[in-house]
Amino acid sequence: MIHSLFLVSTAGHIFLEKHWKSVISRSVCDYLFEAQGKASAPENVPPVIATPHHYLISVYRDRIFFVAVIQTEVPPLFVIEFLHRVAETFQDYFGECSEASIKDNVVIVYELLEEMLDNGFPLATEANILKEMIKPPTILRSVVNTITGGSSNVGGTLPTGQLSNIPWRRTGVKYTNNEAYFDVVEEIDAILDKSGTVVFAEIQGVIDACVKLSGMPDLTLSFVNPRLLDDVSFHPCVRFKRWEAERVLSFIPPDGNFRLMSYHVNAQNLVAIPVYVKQNVSFFETGSSGRLDITVGPKQTMGKTIEDVVITVHMPKVVLNANLTTNQGTSTYDPVTKVLVWDIGKLNQQKVPNLKGSLSLQSGAPRPDENPTLNIDLRIQQLAISGLKVNRLNMFGEKYKPFKGVKYVTKAGKFQVRT
Amino acid sequence: MQRLLQLPASAVNMVKTAQGQEEAKSPVLTPDGSQATWYSAVRPDELRHLRAGGEVEDAGASAEEGANTGGQAQPLRHDDLKEMLDSNKDSLKLEAMKRIVAMMARGKNASDLFPAVVKNVACKNIEVKKLVYVYLVRYAEEQQDLALLSISTFQRGLKDPNQLIRASALRVLSSIRVTIIIPIMMLAIKDAASDMSPYVRKTAAHAIPKLYSLDPEQKEPLIEVIEKLLADKTTLVAGSVVMAFEGVCPERIDLIHKNYRKLCNLLIDVEEWGQVVIINMLTRYARTQFLNPNANEVLLEEGEEKEFYGSDEEEGKEEKVEKKKPYVMDPDHRLLLRNTKPLLQSRNAAVVMAVAQLYFHLAPKAEVGVTAKALVRLLRSHSEVQFVVLQNVATMSIKRKGMFETYLKSFYIRSTDPTQIKVLKLEVLTNLATETSISIILREFQTYIKSMDKDFVAATIQAIGRCATNIGEVRDTCLNGLVQLLSNRDELVVAESVVVIKKLLQMQPEQHSDIIKHMAKLIENIQVPMARASILWLIGEYCEHVPKIAPDVLRKMAKSFTSEEDIVKLQILNLAAKLYLTNSKQTKLLTQYVLNLAKYDQNYDIRDRARFIRQLIVPTDKGGALSKYAKKLFLALKPAPILESPFKDRDHFQLGSLSHLLNVKAGGYQELPDWPETAPDPSVRNVEVMDKRKEKKKVEKPFYSDSEDESRLTESADSDSNTGSGSESSSATEESDSGSKSEDSGGESESEQQEKPNRKNGLELLKLFWHSRVLFVCILPCSAQTISPTFSSLKTYELLHRLTGEGLAVGYCFGRQPFVRDPHMVTVQIQFTNHMDTEARNLRVREPRLQSGMRIKEFPEIEVLPPGETVTTVMGIDFCDSTQAANFQLCTHTRKFCVSIQPPVGELMAPVFMLENEFKKEQGQLMGMNEIKETLVLGEACQSDYAIVQRVTAAANVGQVPCGSDQEFAGKTMTSNSLVLVTVITKRDRTAQLTVNCEKMVIGTMLVKDILHALSQ
């Protein structure tokens, strides 16, 4: 399966290598650099590259290429999914997944990788098990380490979680405050055309949980309207049969943060688009200039305010600068990346935010015939746009009374307005 | 103390000498920030020693400190690391190991430290030990001899009482790539394969491919280990052993037969990475063992391709009906499809993809669609995942268009997608285009053409071309759209359009001479060689449609011939030749000129082509025989090109595989076999207990008496397989012997014999049902149905003692048969034995005194019971779901005896056949007050699953839920038909949790007590 792993920065610096079988020279990464040279952006580097003797499967995350070297047939998704899991583990351990944090914690990274793969086959990928074996670095511990001359990263106890039927949960969890929080986060993916009509819209949601409960609690989460859910995928802890039969989520939760489920809302229900956008972006044939006029307003918000509205526009290359005025928020134009960002903030009913002004184009260049698309970002607190509601959360198996909380948020996912 | 003091002194020396050393020799530290951290980590520690040491050392310390803080901190050399490793302070060792690991991570060579590191393999500190392992595995291959020093430590570790230590020792031992220790590894793997702990067995499975890659000679013994591990029943092992199987002996498909059903059933509980491997392997297995569920369709498609061409492929289902011999899916094939389906809900994209490919390759057409939704979900994931999924969707969408039709909009392209994703989405959209959807797809394409991403625009234009060729109705619309693009400002767009238009025009050139004219004009502006070549070819090919323009174009091209690209030059030659043949008057001189230019071109091909054309078209004295046919050669009607998807026919590779993605066979790829013509024997997958028993019996019969034989075999069968319920094994024995023996636990008397054949039939049926796990759910009515009781030894109670009854002994037992005349009654078998010298007459029931609601159905009066004889009769009592005794008088012709029958609570119910999900559903409705949970410690004798089943079914008349994940039993009470659900979940350390869900709380409580008692004995 996975022979070796190289971590490569966007600048082409290989800053970590790990081999699970015989050593493979780091020169294989040259093929990646070659592909990188051809691609216009790092995202465009093909995830699978065939070289004469090896195959490189890579993912690009947080400005790092995770490059796995394999020699024989293996499902590419298997490797890709694993590499993402590695990146997520680093994120979880170090708070961020960056070149600097990996270099700083290289020993922990090595120890983690050693546990995650055996002979190139995934061994322990559950965060809960890994944390039992290798303690994540904390400020306190690093201070203690410096003073006492190094305590160990490695857990003194043996990871018994690996042996249990529920490998995702640590044993012997203890909290003074027992609490379980669930965030229902929904994202609207939509494409609106020039006139504002919906070309395509759907709602995708996730339920992220933060469960800090002692012992071995068995939770049951039920919905008021589970029928809304069209397609679901679960954390392995969820008992699928109970869901099939009764449409309730029954599970023994992992300890800490995890994604309980992600779902797709039935497409037949029309999606309520919370904002309307009126826009007019035009470039004049002569005089190498253009005009931009964007208005955003709240539409169907079910009485909630829309916050954190940001509109991002990728301008054509010939746009040199923008001279814009707005009645709300701030707008900035970066002439290097050609990105216009209009940070609006809250939308209120009385005053409709508007951004207008002129664009100056490179003189002599032909008028661009494409119009830029607007990407909209927004957030509505205390509302799940699909109407999904959690009915109740029950706990079995433990005596104490946990504190329970559910939060709803709606966000814009890939929300685009074509012009 | 002395030893401790040595260190700083030598460190000082080192620092001093190090200044003279070359930088290149000290690759320990790079100039980046990491050195500061380790220094600060080490220093306080060393300082402490120094202070303890006295003044001399103090000076050394300050010297060292000066060196460190003075900014010229010399990188320490390996000698220093060696010192630290040799020290007896764990913290120093740890620090050294951390730095060595950091070196390895950066790809620096640290192999010369090997002897120093390997010494620490037995270090007490866990972290040091782990890091030493990491080092060892990395460098052992280079330092084979020294690596041997560490082996004994691991060998000791293999014997450790702690399973985790055993596992980790095996893991490292097998990762050391040193050929000398192969026999040791082999031995260790074999031992570990039969270890008590599943975790160690899992590690053994992991070690198999390691050893195999080190020495392929070991294949045969390794296959034996694999075979053994394949039979393992724990989910922990399943994934790893299949991985080993795929790595070592993927061709030994015969090893899978016996484990097929088990793997299918375990699948949902296996960890996600194992699931992927198992599903892929089972796909291959199924292709060799089952029949093609779409076979009829393939036949029809071949036979009547013309008629069916263009019609939607989804119609296949109806065609199936026409077939004479209906196709019946092998139940095992169905089992695989059913058990993999829930995994579509996995959060792991690789698992979802694996199931999708399994359905694509194995399921009947109509069912493949279920995977579409999950695949579309993956499009929300990371772009790499999207990339792979879209590749597979592209292949699927060619074969099974209908599958993704409803999700068309999910493939719409966003301006923020990476180009490679955009292009793949276009591919899918093009594949999905039908007469009905083409209009909206084309409207989408129109927006895409305006995109800033020019590569994507070019791909869009090609996609439009493909839509136009595939769907005749829109050809003109597309062509018009493309012609409009010819006036686009971007040259790439124009060029791509020209190429596509050329292909489209070839289909019906007559109607489009104006387009050809338009394109002829473009030749002056377009610089992209491919586009120029395409235009020239078009004009040459259809010069008859543009007789006036063509010679002029040739004239212009002749002028610029020398500065053109090669492909354009070739097309100029082509054009010249064609014009010469059709219009030699006007173009003779021009052609000569062009041919002369080409004659002296730098490129071989062009010179060759010129010579070839000249010979063909210019009549010479020699009169080449071919020149007569020149016109036919050049102006033959050429078939229009078919614009095909690059994903066509890619499905001969297993979807989701690397080979499919690259469209090249990757190393180690296992071909997906074709469906067999006739199904191989399905019985190879049977893991019947019976077979084994028969085999053994043949051998063993001579040595054992019958009864011994039986019990022994029952035992051995059970230890081999705990898949069936306890009833199977004992009834199987019963069946193979003649029924003359006493029952296993001997509670029954001869009189019961008459009941036996009847029950046995029921049991046989049941056994077939449950054992083969075919689950004919569809045949059974869906509602919970009472089934024949699970057999267990019947307990006989005394109704009337021989002495009290003055020679008449009466016993009773609960027959667990449905009482024929009244379904609410419990069957009680009553057995009279006459110990008197005289015969007893007129045995009958009299004056029953019953609680309200209770009813009794008396047995028919027994007229005569001769002395010494025994007779059995049956009566029915409706206990009203309570354990109140039924009191009545038993009369003979002379005496009356007051007797009472008190039923154990377990007899107040009848078993119910139920599937697991049904069970869970019902259980979900019986929560709270209706649920009673108890934890218990299992008795010595009931450690195995089988024993538990037997105990529970003996204590209560309930039926086991087939293939349940836990031990689940279902029954319902006789009178009120309320469900009684019993679950026993065994945990490690001999405890178990017993859950009883029952609407009748009293019954529930009492049942818990009874079962508790039965299990903890």
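Values in this document were obtained by computation on a predicted structure and should not be read as measured data. (Residues numbered from 1 in each chain as written. Chains lettered and ligands numbered in written order. Predicted model: local features only at pLDDT ≥ 70, side-chain atom pairs only at ≥ 80, totals over all residues. Heavy atoms only, no water.)

*Asks:* Help me out: how do you make sense of the packing of aromatic side chains in this one?
*Replies:* Under the defined criterion, the tally for this structure stands at 26 aromatic pairs over all chains. Measuring from centroid to centroid gives 4.7 Å for Tyr-60 of chain A and Phe-65 of chain A, while their planes differ by 45 degrees, and the two rings are tilted. Given a relative accessible area of 16%, Tyr-60 of chain A falls into the buried group. A relative accessible area of 1% places Phe-65 of chain A in the buried class. Residues Trp-537 of chain B and Tyr-542 of chain B carry aromatic rings whose centres are separated by 6.3 Å and whose planes lie at 90 degrees to one another, so their mutual orientation is edge-to-face. Each member of the pair, Trp-537 of chain B as well as Tyr-542 of chain B, carries the same accessibility label: buried. Among the aromatic residues, those joined into a ring-pair cluster are Phe-66, Phe-90, Tyr-93 and Phe-94 of chain A. A cation over an aromatic ring shows up here: Arg-400 of chain B above the ring of Phe-360 of chain B, its NZ or CZ 5.4 Å from the ring centre. (Phe/Tyr/Trp six-rings, centres within 6.5 Å; stacked < 30°, edge-to-face > 60°. Buried < 20%, exposed > 50% of the residue type's maximum accessible area, 1.4 Å probe, protein only. Lys NZ or Arg CZ within 6 Å of the ring centre and 35° of its normal.)

*Asks:* Sorry, what's going on with the packing of helix H27 (residues 454–470) of chain B against helix H28 (residues 475–485) of chain B here?
*Replies:* Between two packed helices, both the angle of their axes relative to each other and the distance between the axes serve to describe the pair. All names here are of chain B. Contact pair H27 / H28: the axes reach a minimum separation of 8 Å and the direction vectors enclose 155 degrees. Comparing their axes, H28 and H27 come out roughly antiparallel. The interaxial crossing formed by H27 with H28 has left-handed handedness. Judged by residue contacts, Ile-461, Ile-464, Ala-468 and Thr-469 of H27 engage Arg-475, Cys-478, Leu-482 and Leu-485 from H28. Classifying every residue of the contact of H27 with H28 gives six nonpolar, one polar and one charged. (Axes fitted to C-alpha atoms, helices over the stretch in contact; angles between N-to-C directions. Helix = DSSP H or I, 4+ residues; strand = E, 2+ residues; numbered from the N terminus. Parallel < 35°, antiparallel > 145°, perpendicular 65-115°, else oblique. Left-handed = near helix turned anticlockwise from the far one by under 90°. Contact = heavy atoms within 4.5 Å. Nonpolar A, V, L, I, M, F, W, Y, C, P; charged D, E, K, R; others polar.)

*Asks:* Help me understand the sheet that holds strand S5 (residues 840–849) of chain B in this model?
*Replies:* Hydrogen bonding along the main chain pairs the strands of a sheet, whether they run parallel or antiparallel. Residues and elements named next belong to chain B. Spatially, the four strands line up as an open sheet ordered S7-S5-S9-S10, and their pairing is antiparallel. Single-partner strands in this sheet number two, and they are strand S7 (862–865) and strand S10 (896–901). Averaged over all pairs of adjacent strands, the angle between their axes in this sheet comes to 35 degrees, without regard to strand direction. As judged from the four bridges shared by S5 and strand S9 (residues 886–891), these two strands associate in the antiparallel manner. If you follow Arg-846 over to S9, its bridge partner there is Gln-889. (Pairing = 2+ DSSP bridges.)

*Asks:* Mind showing me how you'd approach the confidence of the model for chain B here?
*Replies:* Detailed reading of the predicted coordinates is not advisable wherever pLDDT falls low. All names here are of chain B. Averaged over all residues, the pLDDT of chain B is 76; the fraction at 70 or higher stands at 78%. Every residue in residues 1–76 is under pLDDT 50, and counting partners more than four places away or in other chains gives 85 contacts. Both scores are given for the predicted complex: the pTM is 0.69, the ipTM 0.91. (pLDDT = per-residue confidence, 0-100.)

*Asks:* I tried to follow the nonpolar core on my own but got confused; where do I start?
*Replies:* Across soluble globular proteins, nonpolar side chains show a tendency to be buried alongside one another. The biggest cluster of nonpolar side chains holds 269 residues, and the ones touching the most others in it are Phe-90 of chain A together with Phe-411 of chain B. For this core, the leading source of residues is helix H20 (residues 349–362) of chain B, giving 12 residues. With sequence-adjacent residues up to four places away left out, Phe-90 of chain A is seen in contact with Leu-7, Phe-66, Gly-95, Glu-96, Cys-97, Ile-102, Val-109, Leu-112 and Leu-113 of chain A. Residues Leu-260, Leu-361, Ile-385 and Tyr-408 of chain A belong to the second largest nonpolar core, which totals 72 residues. (Core = buried A, V, L, I, M, F, W, Y, C linked by side-chain atoms within 4.5 Å.)

*Asks:* In this structure, what is going on with helix H23 (residues 383–399) of chain B? I would like to understand it.
*Replies:* The α-helix advances 3.6 residues per turn, and as a result positions three or four apart in sequence lie on the same side. Counted at 1.5 Å a residue, the expected span for H23 of chain B with its 17 residues is 24 Å, and the 25 Å between its end C-alpha atoms agrees. Counting buried positions over the 17 residues of H23 of chain B gives 14, a clear majority of the element. (Expected span 1.5 Å × (residues − 1).)

*Asks:* Can you walk me through a nonpolar patch on the surface in this structure?
*Replies:* Residue and element names in this part refer to chain B. Nonpolar side chains collect at one region of the surface, where Leu-626, Tyr-629 and Leu-633 lie side by side and expose about 320 Å² of accessible area between them. Looking at the secondary structure, you find Leu-626 in the loop between helix H35 (604–617) and helix H36 (630–634). Of the residues examined, Leu-626 reaches a relative accessible area of 52% and is grouped as exposed. (Patch = residues over 30% accessible without salt bridge, like charges linked within 9 Å, V, L, I, M, F, W, Y side chains within 5 Å. Areas by Shrake-Rupley, 256 points an atom, 1.4 Å probe, with all protein chains shown as cover. Salt bridge = Lys/Arg side-chain N within 4 Å of Asp/Glu carboxyl O.)

*Asks:* So what exactly am I meant to see when it comes to the interface of chain A and chain B here?
*Replies:* By a widely used convention, the size of an interface equals the accessible area lost when the partners come together. With 101 residues of chain A at the contact, the number on the chain B side is 98 residues. In total, chain A and chain B occlude about 8600 Å² of area from one another, counting both sides; carbon and sulfur atoms represent 58% of this. If you look at where chain A meets chain B, you find 12 salt bridges. Arg-347 of chain B serves as the salt-bridge partner of Glu-126 of chain A, at 2.9 Å between the closest nitrogen and oxygen. In this structure, the connection of chain A to chain B is made through 35 residue pairs in polar contact (both at pLDDT 80 or more). In the side of chain A that touches chain B, the residues fall into 46 nonpolar, 27 polar and 28 charged. (Buried area = accessible area lost by both parts, 1.4 Å probe. Polar contact = N/O pair within 3.5 Å; in protein donor to acceptor, adjacent residues only side chain to side chain.)

*Asks:* Help me understand helix H31 (residues 529–541) of chain B in this model?
*Replies:* All names here are of chain B. Taking 1.5 Å of rise per residue, the 13 residues of H31 would be expected to cover 18 Å, and the 18 Å separating its terminal C-alpha atoms lies within 8% of that figure. Within H31, 11 of the 13 residues are buried, which leaves the element mostly enclosed by the surrounding structure. Within H31, burial applies to Ala-531, Arg-532, Ala-533, Ser-534, Ile-535, Leu-536, Trp-537, Leu-538, Ile-539, Gly-540 and Glu-541. On the buried face of H31, the contacting elements are helix H29 (491–505), helix H30 (513–522), helix H32 (549–560) and helix H33 (566–582).

*Asks:* Sorry, what's going on with the side chain of Thr-220 of chain A here?
*Replies:* As for its position among the elements, Thr-220 of chain A is in strand S10 (residues 218–223). Each residue touching Thr-220 of chain A, except ones within four places of it in the same chain, is listed here: Arg-242, Val-248, Leu-249, Ser-250, Arg-392, Leu-393, Asn-394 and Phe-396 of chain A.

*Asks:* Sorry if this is basic, but what is going on with the environment of Thr-10 of chain A here?
*Replies:* All names here are of chain A. Tracing the sequence through the fold places Thr-10 in the loop between strand S1 (2–9) and strand S2 (14–19). When the C-alpha positions of Thr-10 and Asp-62 are compared, they lie 9.7 Å apart, and in sequence the two are 52 residues distant. Residues in contact with Thr-10, not counting those within four places in the same chain, are Gln-36, Pro-42, Tyr-60, Arg-63 and Phe-65.

*Asks:* What am I meant to see in the pattern of salt bridges here?
*Replies:* If charged atoms from side chains of opposite charge come close, those side chains can pair. All names here are of chain B. Within the structure shown, the criterion is met by 52 salt bridges over all chains. One salt bridge in this structure joins Lys-202 and Glu-271, with 4.0 Å as the shortest N-O distance. Of the two residues, Lys-202 is situated in helix H11 (residues 198–214) and Glu-271 in the loop between helix H14 (260–266) and helix H15 (272–289); the sequence distance between them amounts to 69 residues. For Lys-202, a relative accessible area of 4% translates into the label buried. Among the ionic pairs, Lys-422 bridges to Asp-453, the shortest N-O distance being 3.4 Å. Here Lys-422, found in helix H25 (residues 419–432), pairs with Asp-453, found in the loop between helix H26 (438–449) and H27; they are 31 residues apart in sequence, far enough to count as distant. The exposure classification of Lys-422 matches that of Asp-453, with both residues buried.

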